[in-house]
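# Descriptive structure summary
Spelled out, the chains give:
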Amino acid sequence: LAKTTQPISMDSYEGQEVNITCSHNNIATNDYITWYQQFPSQGPRFIIQGYKTKVKNEVASLFIPADRKSSTLSLPRVSLSDTAVYYCLVGGGAKKLSFGAGTTVTVRA
Amino acid sequence: DTAVSQTPKYLVTQMGNDKSIKCEQNLGHDTMYWYKQDSKKFLKIMFSYNNKELIINETVPNRFSPKSPDKAHLNLHINSLELGDSAVYFCASSKGDSDAVYGYTFGSGTRLTVV
């Protein structure tokens, strides 16, 4: 199971872009990279997933370099409601995943 | 609404009691899970069921017993509750067994407090 490392916390201001980088040096060939968002008193919510290069949806972008040993979640123009914990997961196939401590993103006015 | 729903949302109980948490999903998913989230926000997988069959049973005390009457339901029964069992318990489901590919849908959690 690929181990992931991400910052414990990040602070930002409304309207800024937030980039969270996750390191996963021992990622396996068939592993996907998935990011979840968790608000207080709620369960984590799937936000984006990728295998390589760049993925973009209405919520975020995910950048994965060619070696796939890291990935960066980009949140464009954050608002106060983007304050949450963001988890990076790496896995594939029938692996059952446990989440790390995540990155607590605090957006200030 | 299509979702993963779990009950109760809050549960306060005394040490030594037995309690159950229920989970239901109407997403048509084949796989369901129980996760435990501690005070440091780590989410650890406890159990996984695929089509009513137990496929993952992590190192969890045998006081915890999951039961899946059908593939839409996964309940968690806890015997002889201890202070250390206090946590938020999340139920989740995924479309297939390859959950890293399909992604999880989580319930809103049950905050268990043992006093």
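Note: the structure precedes this text.
Attention here is on the structure that accompanies the text. (Residues numbered from 1 in each chain as written. Chains lettered and ligands numbered in written order. Predicted model: local features only at pLDDT ≥ 70, side-chain atom pairs only at ≥ 80, totals over all residues. Heavy atoms only, no water.)

In this section: the overall build of chain B. Scanning chain B from N- to C-terminus turns up 1 helix and 11 strands. Walking chain B from its N terminus toward its C terminus, one meets helices and strands in the order β-β-β-β-β-β-β-β-β-α-β-β. On C-alpha atoms alone, chain B measures out to a radius of gyration of 13 Å, which is about the 13 Å that the 2.2 N^0.38 rule sets for 115 residues. Reported as C-alpha extents along the three principal axes, the dimensions of chain B are approximately 40 × 30 × 25 Å. (Helix = DSSP H or I, 4+ residues; strand = E, 2+ residues; numbered from the N terminus. Rg over C-alpha atoms; globule rule 2.2 N^0.38 Å.)

Glancing now at the side chain of Thr110 of chain B. Residue and element names in this part refer to chain B. By the secondary structure assignment, Thr110 is in strand 11 (residues 110-114). Within the structure, the side chain of Thr110 is placed 2.6 Å from the backbone oxygen of Pro8, a separation counted as a polar contact. Discounting chain neighbours no more than four positions away, the residues touching Thr110 are Gln6, Thr7, Pro8, Lys9, Leu11, Ile21, Ala87, Val88 and Tyr89. (Polar contact = N/O pair within 3.5 Å; in protein donor to acceptor, adjacent residues only side chain to side chain. Contact = heavy atoms within 4.5 Å.)

Residues and elements named next belong to chain B. Mapped onto the elements of the fold, Ala92 is located in strand 9 (residues 87-94). The class of Ala92 is buried, set by a relative accessible area of 0%. Ignoring any residue separated from it by four or fewer positions in sequence, one finds Ala92 in contact with Thr31, Met32, Tyr33, Tyr104, Thr105 and Phe106. (Buried < 20%, exposed > 50% of the residue type's maximum accessible area, 1.4 Å probe, protein only.)

A few words now on the pattern of salt bridges. Taken as a whole, this structure holds 4 salt bridges over all chains when the rule is applied. For Arg108 of chain A, the salt bridge is made with Asp11 of chain A, and the minimal N-O distance between the two is 3.2 Å. Within this pair, whereas Arg108 of chain A is found in strand 9 (residues 103-108), its partner Asp11 of chain A is found in strand 1 (residues 9-13), the two being separated by 97 residues in sequence. Residues Asp85 of chain B and Arg63 of chain B are paired through a salt bridge, measuring 2.8 Å at the closest nitrogen-oxygen approach. (Salt bridge = Lys/Arg side-chain N within 4 Å of Asp/Glu carboxyl O.)

Residue and element names in this part refer to chain B. Most of strand 4 (residues 31-37) sits inside the fold, with 6 of its 7 residues counted as buried. Relative to strand 5 (residues 43-50), strand 4 runs antiparallel, the two sharing 7 bridges. Looking at strand 5, one finds that Trp34 is bridged to Phe47. Two successive antiparallel strands, strand 4 and strand 5, enclose a turn made up of 5 residues, where Lys41 displays a positive phi of approximately 80°. (Pairing = 2+ DSSP bridges.)

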